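# Structural description and commentary
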Amino acid sequence: MTKPNHHIFADGELSRNEGTLRIDTLDGETEYLPIESIDTLYLHGQIDFNTRALGLLNEHNVPLHIFGWKDYYRGSYLPKRGQVSGNTVVEQVRAYDNLDRRLQIGQTIIEASIHNMRANLRYYNDRQGNFSTELEDLEELKNSAAGTTDINELRSVEGRARKTYYGCFDRILRSPFTLTQRKYNPPTNEANAVISFLNGMVYTTSVSAIRKTALDPTVGFVHEPGERRFTLSLDIADIFKPILADRLLFRLVNRKQLSIDDFEEELEGCLLDEKGRMTVLEEFEETLDKTIDHPRLNRKVSFKTLVQTDVYSLKKHVLTDEPYHATERWW
Amino acid sequence: MTSELAEKYARDERQPEREPEVRITGLMVQYYHVCKRELWFMSRGIDIDRETTNIQRGTHIDETSYQNERHSFMINNRIQLDVLGSGDIMEVKASSRLEEPARMQLLFYLWFLQEIYGIEKDGILAYPTERKRETITLNSSTIEKVESTITGILKVVDLDTPPELEKKAYCDSCLYQDICWM
């Protein structure tokens, strides 16, 4: 049972009204959000908020992700941990610090990630183009990931796989959309802008899922813990980007839900405009709520739950050494 | 006593300055009789989603039933039991589906009071939604059951890896389901 995310696009003020969240927009409208019905709160507009509002989020374990100008990810306010477990953190760091264990977890993540890239290409093979060469290359890369002997080597396999995969995008995307090359900071064209935006959403989805466990989000296995972001969230996001972000990009573009008019050219960059962001987010949330039959759990689960169970599986692996099943598309 | 482990446990509990290595709770007793894997996970601090409806329902029933009849006591910071005006110990459950585990939990409380503190009490197992009650008493055979449970719990908790995955009838409603099967 998962609760929906809430996105606030308006500019205004977020406050606490007894047990409820209250939003007063600059347009003079007031809305109340029952805190019990929120899984994660996203702020996309210019919002003032105070500690009392954060306190309410805290009490109900609701993470807050904040996006600033043009929806660049600014950061997250995470509620005080309900789940603390020194044991879990110790075991997580032990797994990270043991090259064999770290590599094994990293390989599982990258193999799943490549598997999910291939699943997308397989779907579009013969529909939008012939990807048999790339499918074979990716298969080989997936196999070579298992044979890597250190993390750098594994990361370079991942890099090569992503390059091969992104190289197919121009044949999948309806013109005039092109990727040409994956570029971010800032994204250079429309397809890059959508990918950046959606990858950010996959990242925050992973942050929320990890928060529900006692795992430490800063200790990742593929990414180095020195990076600025939560590196474990980056690891988990890599598994789900093809499922939650890329596939959505293809659909939005090819079904003409997005057009070139939904973007704004900025200094050396290209970004979704507000209408475009709304379209993308609506579809993203719908994707998260979509359900599929889960063979291991023997019930229907949503894509959002799938991210959660992936993190559970990793946590269990870290604590018990039972196998970690990184999510590989089976449907 | 039936086993050295249970005997040592009782000895440690009787000496407040000597914490037993494993602090057994009523929930652990229940889990031991429901699923040993669940007990192992719980003993390792593996967290579950506390927001599920089942937990909320159970908490609600516990918090709203017979409130004016019973008083809660916390013993040693971990054994929480309710005492009725009559002096009996009461355990409230949402459903009688897991009857034996609930019975063992209450028996453990009675055993604890008697063995550790020398207080003899009877217990009442109550299912308010089913309007059903059962009186529980300690006797030589139930004492033996509690002590073998204690021994069993200590052995499960001591395992380096969790007991093997096994499909049970109640897996579908278990809170650890997503962790267990993933």
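Residues numbered from 1 in each chain as written. Chains lettered and ligands numbered in written order. Predicted model: local features only at pLDDT ≥ 70, side-chain atom pairs only at ≥ 80, totals over all residues. Heavy atoms only, no water.

### A few points about helix α10 (residues 303-320) of chain A
Residues and elements named next belong to chain A. When the terminal C-alpha atoms of α10 are compared, their 25 Å separation across 18 residues agrees well with the 26 Å that a helix rising 1.5 Å per residue should span. Counted residue by residue, α10 has 18 buried out of 18 residues, so it is predominantly covered. Among the residues trailing α10, D321 stands out with phi positive, at a value near 75 degrees. (Helix = DSSP H or I, 4+ residues; strand = E, 2+ residues; numbered from the N terminus. Expected span 1.5 Å × (residues − 1). Buried < 20%, exposed > 50% of the residue type's maximum accessible area, 1.4 Å probe, protein only.)

### Notes on the pairing of strand β2 (residues 12-17) of chain A
All names here are of chain A. The pairing of β2 with strand β3 (residues 20-25) spans six bridges and is classified as antiparallel. Counterpart to L14 in the pairing with β3 is I23. Counting the residues in the hairpin turn of β2 and β3 gives two residues, including E18, whose phi is positive at 50 degrees. (Pairing = 2+ DSSP bridges.)

### Looking at the sheet that holds strand β3 (residues 89-92) of chain B
Residue and element names in this part refer to chain B. Spatially, five strands are ordered β1-β2-β3-β4-β5 in an open sheet, and the strand pairing comes out mixed. Both edges of this open sheet fall to β1 (70-75) and β5 (132-136), since each of them pairs with a single strand only. When the angles between neighbouring strand axes are averaged without regard to direction, this sheet yields 35 degrees. For strand β4 (residues 123-127) and β5, the ladder comprises five bridges, and the chain directions are antiparallel. By the bridge assignment, G123 is partnered in β5 with I136. Those strands touched by helix α5 (residues 99-117) are β1, β2 (79-84), β3, β4 and β5, and its axis lies near 155 degrees from that of β4. (Axes fitted to C-alpha atoms, helices over the stretch in contact; angles between N-to-C directions. Contact = heavy atoms within 4.5 Å.)

### Some thoughts on the confidence of the model for chain B
Residue and element names in this part refer to chain B. Residues at a pLDDT of 70 or more form 95% of chain B, whose mean pLDDT is 88. The secondary structure element of chain B with the lowest average pLDDT is helix α4 (residues 53-64), at 76, and the one with the highest is helix α6 (residues 140-158), at 95. Across the assembled chains, the prediction reports ipTM 0.72 with pTM 0.84. (pLDDT = per-residue confidence, 0-100.)

### Focus: the domain arrangement of chain A
Residue and element names in this part refer to chain A. In terms of domains, chain A is made up of domain 1 (6-77) and domain 2 (86-320). Using C-alpha coordinates to define each centre, domain 1 is positioned 27 Å away from domain 2. Taken together, the contacts link 14 residues of domain 1 with 20 residues of domain 2. Regarding the contact of domain 1 and domain 2, the summed buried area is about 1500 Å², with carbon and sulfur atoms giving 63% of it. (Domains from an automatic or database assignment. Buried area = accessible area lost by both parts, 1.4 Å probe.)

### Description of the layout of surface pockets
If a probe as big as a water molecule is rolled over the atoms, it shows which places are left empty. Residues and elements named next belong to chain A. A volume near 1300 Å³ is recorded for the second largest pocket. As for the second largest pocket, its lining consists of 39 residues, and the residues nearest its centre are R182, Y184, S196, N199 and K241. Elements supplying a minimum of two residues to the lining of the second largest pocket: β8 (73-77), α5 (151-166), α7 (190-211), α8 (231-254) and β10 (269-272). Its residues assigned to classes, the lining of the second largest pocket comprises 16 nonpolar, nine polar and 14 charged. (1 Å grid on protein atoms, 1.4 Å probe; cavity = no way out; pocket = protein on both sides within 12 Å on 5 of 7 lines; lining within 4 Å. Points joined across faces, edges and corners; volume = space filled by probe spheres on them. Nonpolar A, V, L, I, M, F, W, Y, C, P; charged D, E, K, R; others polar.)

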